[in-house]
Amino acid sequence: MKKSIAIDMDQVLADFYSKLRITYNENFGTSFTDEEFLLTTQRDLPREDAKKLFALLNEPDYFRDLDLLDDDAIEVIQELQEHYEIFIATAAMDVPGSFTAKYDWLIKHFPFIKTQNIVFCGNKAVIHTDYLIDDSPRQLAAFKGTGLLYSMPYNRAEEGYTRVHNWKEIKEYFIKQLEIV
C-alpha cells in the first residue's frame, strides 16, 4: 500500500502572494516588494484594509490565474505519484468564493491528479495522510502525520519541522523515504 502525501496549494504550488501583493499595492496605494509583502502577511494588515482585501480575494476568478510557484512542481508530483498517493489540501474555507477558481487552476496545472484527491478544507487536522507539505506552521501543528514546512520568509523562525525550499528538495526527501522502507 502506498504512503500518502497531502500538498497545500497556496505558496506551495501556486504563487498566491505575488498576485496578492499586486492587488494590495493597487488598492491601498502602497509599493511593497515581493519580499516585503511576504514578511507582512495578510494577518498584519489594518482591519479595514483586511476586510476590503478579503472581498477582493473572494471574487470568483481571483485564484484562477495564479502563476506556478516552482516550475518543477508538476514534474516532481508526477514522479511522486508513481510511489505515493497524492492529495491536494487547500484551506479554501478561508476564502469561500475561491472554490471554483482553485479547482480550475488545479485541473489546468495538475490534470493527472484524481479529482477526488482534491480536498477543500479549513483546518488540516482533518487530513489523514502520512505527510503534509505546507507553508503554514499553524496547519502543520494541527496535522497528525509528518509535516514538511515549505520555506517562506514569514515562517523563517519556525522550528520543529523538516524544512523544504523547493520541489527538487521535496523530490529528494521522498526518494530517501522510499529507500528507508
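Definitions and limits used
- Residues numbered from 1 in each chain as written.
- Predicted model: local features only at pLDDT ≥ 70, side-chain atom pairs only at ≥ 80, totals over all residues.
- Heavy atoms only, no water.
- Helix = DSSP H or I, 4+ residues; strand = E, 2+ residues; numbered from the N terminus.
- Buried < 20%, exposed > 50% of the residue type's maximum accessible area, 1.4 Å probe, protein only.
- Contact = heavy atoms within 4.5 Å.
- Pairing = 2+ DSSP bridges.
- Right-handed = clockwise from strand over helix to strand, strands pointing away.
- Core = buried A, V, L, I, M, F, W, Y, C linked by side-chain atoms within 4.5 Å.
- Salt bridge = Lys/Arg side-chain N within 4 Å of Asp/Glu carboxyl O.
- Arc of directions from axis to C-beta.
- Axes fitted to C-alpha atoms, helices over the stretch in contact; angles between N-to-C directions.
- Parallel < 35°, antiparallel > 145°, perpendicular 65-115°, else oblique.
- Left-handed = near helix turned anticlockwise from the far one by under 90°.
- Nonpolar A, V, L, I, M, F, W, Y, C, P; charged D, E, K, R; others polar.

Participant: Residues and numbers for the side chain of Gln177, please.
Facilitator: Within the secondary structure, Gln177 sits in helix 7 (residues 167-180). Given a relative accessible area of 19%, Gln177 falls into the buried group. With sequence-adjacent residues up to four places away left out, Gln177 is seen in contact with Tyr84 and Tyr131.

Participant: Now, about the pairing of strand 7 (residues 146-150): what can you tell me, with residues and values included?
Facilitator: Counting buried residues in strand 7 gives four out of five residues, a clear majority hidden from the surface. In terms of strand pairing, strand 6 (residues 131-134) meets strand 7 through four bridges, oriented parallel. Paired with Ile133 across the two strands is Leu148, which belongs to strand 7. In terms of handedness, the path from strand 6 via helix 6 (residues 137-142) over to strand 7 forms a crossover that is right-handed.

Participant: Please provide a residue-by-residue account of the nonpolar core, values included.
Facilitator: With 44 residues, the main nonpolar core has Ile7, Leu13, Ile133, Trp167 and Phe174 as its most contacted residues. Considering every element that reaches this core, the biggest residue donor is helix 1 (residues 16-28), with five residues. Ignoring sequence-local partners within four residues, the contact set of Phe174 consists of Ile5, Leu80, Tyr84, Tyr131, Ile133 and Leu148. Counting eight residues, the second-largest nonpolar core is a separate cluster that includes Ala6, Leu140, Phe143 and Leu149.

Participant: Explain the pattern of salt bridges residue by residue, including any values.
Facilitator: Tallied over the entire structure, the rule returns ten salt bridges. Linking Asp34 and Arg21 is a salt bridge whose minimum nitrogen-to-oxygen distance equals 2.5 Å. With Asp34 in helix 2 (residues 34-40) and Arg21 in helix 1, this residue pair connects regions lying 13 residues apart in the sequence. Across the salt bridge formed by Asp61 and Arg64, the nearest N and O atoms sit 2.7 Å from each other. One salt-bridge network, held together by shared partners, links Asp8, Lys124 and Asp134.

Participant: Can you lay out helix 5 (residues 99-109) for me, pointing to particular residues and giving the numbers?
Facilitator: Taken together, the buried positions of helix 5 are Ala101, Lys102, Trp105, Leu106 and His109. One face of helix 5 carries all of its buried residues, which in axial projection span an arc of 135 degrees. Turning to helix 5, the residues buried within the fold contact strand 2 (14-15), strand 3 (67-68), helix 4 (72-80), strand 4 (84-90) and strand 5 (118-120).

Participant: Tell me about the sheet that holds strand 7, residues and numbers included.
Facilitator: Ordered by their spatial adjacency, six strands build an open sheet running 5-4-1-6-7-8, and the pairing between neighbours is parallel. Across the chains shown, the open sheet's two edge strands, defined by having one partner strand only, are strand 5 and strand 8 (162-164). On average, each strand axis in the sheet is inclined to that of its neighbour by 25 degrees, with strand direction left out of account. The strands touched by helix 5 are strand 4 and strand 5; relative to strand 5, the strand with the most contacts, the crossing angle is about 160 degrees.

Participant: Kindly report on the packing of helix 4 against helix 7, identifying the contributing residues and their values.
Facilitator: Relative to each other, helix 4 and helix 7 sit at 15 degrees, their axes nearing to 9 Å. Classified by the angle between their axes, helix 4 and helix 7 sit roughly parallel to one another. Considering how the two elements wind past one another, helix 4 and helix 7 form a crossing that is left-handed. In contact with Asp72, Ala73, Val76, Ile77, Glu79 and Leu80 of helix 4, helix 7 contributes Trp167, Lys168, Ile170, Lys171 and Phe174. Across the contact of helix 4 with helix 7, the residue classes tally to seven nonpolar, no polar and four charged.

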